[in-house]
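Now for the letters of each chain:
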Amino acid sequence: MMEDLIKSNRSFRRFYQQQAIAGETLKKLVNLARLSASAANLQPLKYILASEPPKNAAIFSCLAWAGYLTDWPGPAEGERPAAYIIILHDREVAKEVWCDHGIAAQSMLLGARAMGLGGCMLGSIKKDQLRELLQIPNRYEILLVIALGKPKETVVLEEVGPDGSIKYWRDDDGVHHVPKRRLEDLILGE
Ligand SMILES: Cc1cc2nc3c(=O)[nH]c(=O)nc-3n(C[C@H](O)[C@H](O)[C@H](O)COP(=O)(O)O)c2cc1C
């Protein structure tokens, strides 16, 4: 079951934008992050939730989508995320976050997938612009944005081919292909 969930938990970048996500649903996802591992249990992460069109549009304007799809500017109006969770580091709680935000992001995305939703974590963020638009105080470092919605695209996993390219690509039917390295190429010793 866990393997199925992880396999189905792809980075989705096109959504049914009109299918709203309730604030309560976003809170349930943050609760999964809250219950996840944290270095020294310091729990320095804070979250901003967005599920209303104007706030969503502001966040969307700060994001860069699918760098390898150079001829695709990102999801068109109507296919954009219905909600976002911004992960912040509260510098007054701890100096370092280590990898807490990656763990939190994965917990929330797995939770979203288990609810029939999907998403994408985005690290390519115009942080100054986002801080300005949402009036985020300097005490909070912007770490990741989680885009969420009902997925409107098919994403398939495949093995990295003989050319060794790890670049994801989209075929003529709009199916998104993600090459993953072979297991035997990752394990250095046993
Ligand atoms: C830390 C991190 C940052 C990422 N930032 C972006 C981003 O800014 N924009 C984007 O479209 N995808 C982003 N992604 C998604 C990756 O491109 C995606 O995970 C990768 O292509 C593999 O696809 P998969 O998630 O379906 O396995 C990010 C993923 C991670 C883990």
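The preceding data block contains the structure.
> Which residues make up unusual backbone geometry, and what are the values?
Here Ala 40, not a glycine, exhibits a phi torsion of approximately 55°, which is positive. Among the structural elements, Ala 40 can be located in the loop between helix H2 (23-34) and strand E1 (45-50). Judged by relative accessible area, Ala 40 falls into the exposed class, the value being 72%. Of note in the backbone geometry, Gln 135 takes a positive phi value of approximately 55° without being a glycine. Tracing the chain through its elements places Gln 135 in the loop between helix H5 (127-134) and strand E4 (140-149).

> Can you tell me about the packing of H2 against helix H4 (residues 100-114), naming the residues and giving the values?
Across the interface, H2 lies against H4 with an axial gap of 8 Å and an inter-helix angle of 135°. Classed by the angle they form, the pair H2 and H4 counts as oblique. For H2 against H4, the interelement crossing comes out right-handed. Contacts between H2 and H4 involve Leu 29, Val 30, Leu 32 and Ala 33 on the former and, on the latter, Ala 104, Ser 107, Met 108, Gly 111 and Ala 112. Its residues placed into classes, the contact of H2 with H4 shows seven nonpolar, two polar and no charged.

> Any details on the sheet that holds strand E5 (residues 155-159)? Residues and values, ideally.
Taken in spatial order, the three strands of this open sheet run E5-E7-E6, and their pairing is mixed. What marks the edges here is a single partner per strand, and that holds for E5 and strand E6 (169-170). Sheet analysis places E5 next to strand E7 (residues 176-180), joined by five bridges and oriented parallel. Pairing of Leu 157 across the sheet is with Val 178, part of E7.

> Residue-level account of the packing of aromatic side chains, with values.
Under the defined criterion, the tally for this structure stands at two aromatic pairs. Consider the rings of Tyr 68 and Tyr 168, whose centres lie 4.9 Å apart with planes at 55°: the pair is tilted. Of this pair, Tyr 68 sits in the loop between helix H3 (53-60) and strand E2 (83-90) while Tyr 168 sits in the loop between E5 and E6, and the two are 100 residues apart along the sequence. Cation over ring: Arg 13 sits above Tyr 168, and NZ or CZ is 4.8 Å from the ring centre.

> Can you lay out the sheet that holds E1 for me, pointing to particular residues and giving the numbers?
On the basis of which strands lie adjacent, the open sheet formed by four strands has the order E1-E2-E4-E3 and antiparallel pairing. For this open sheet the edge positions go to E1 and strand E3 (118-122), each flanked by a neighbour on one side alone. Neighbouring strand axes in the sheet, compared pairwise and without regard to direction, differ in orientation by 25° on average. In the sheet, E1 pairs with E2 via six bridges, with the strands oriented antiparallel. Pairing of Leu 45 across the sheet is with His 89, part of E2.

Conventions and cut-offs
- Residues numbered from 1 in each chain as written.
- Predicted model: local features only at pLDDT ≥ 70, side-chain atom pairs only at ≥ 80, totals over all residues.
- Heavy atoms only, no water.
- Helix = DSSP H or I, 4+ residues; strand = E, 2+ residues; numbered from the N terminus.
- Buried < 20%, exposed > 50% of the residue type's maximum accessible area, 1.4 Å probe, protein only.
- Axes fitted to C-alpha atoms, helices over the stretch in contact; angles between N-to-C directions.
- Parallel < 35°, antiparallel > 145°, perpendicular 65-115°, else oblique.
- Left-handed = near helix turned anticlockwise from the far one by under 90°.
- Contact = heavy atoms within 4.5 Å.
- Nonpolar A, V, L, I, M, F, W, Y, C, P; charged D, E, K, R; others polar.
- Pairing = 2+ DSSP bridges.
- Phe/Tyr/Trp six-rings, centres within 6.5 Å; stacked < 30°, edge-to-face > 60°.
- Lys NZ or Arg CZ within 6 Å of the ring centre and 35° of its normal.

Don't take any of this as a statement about function, it's just geometry.
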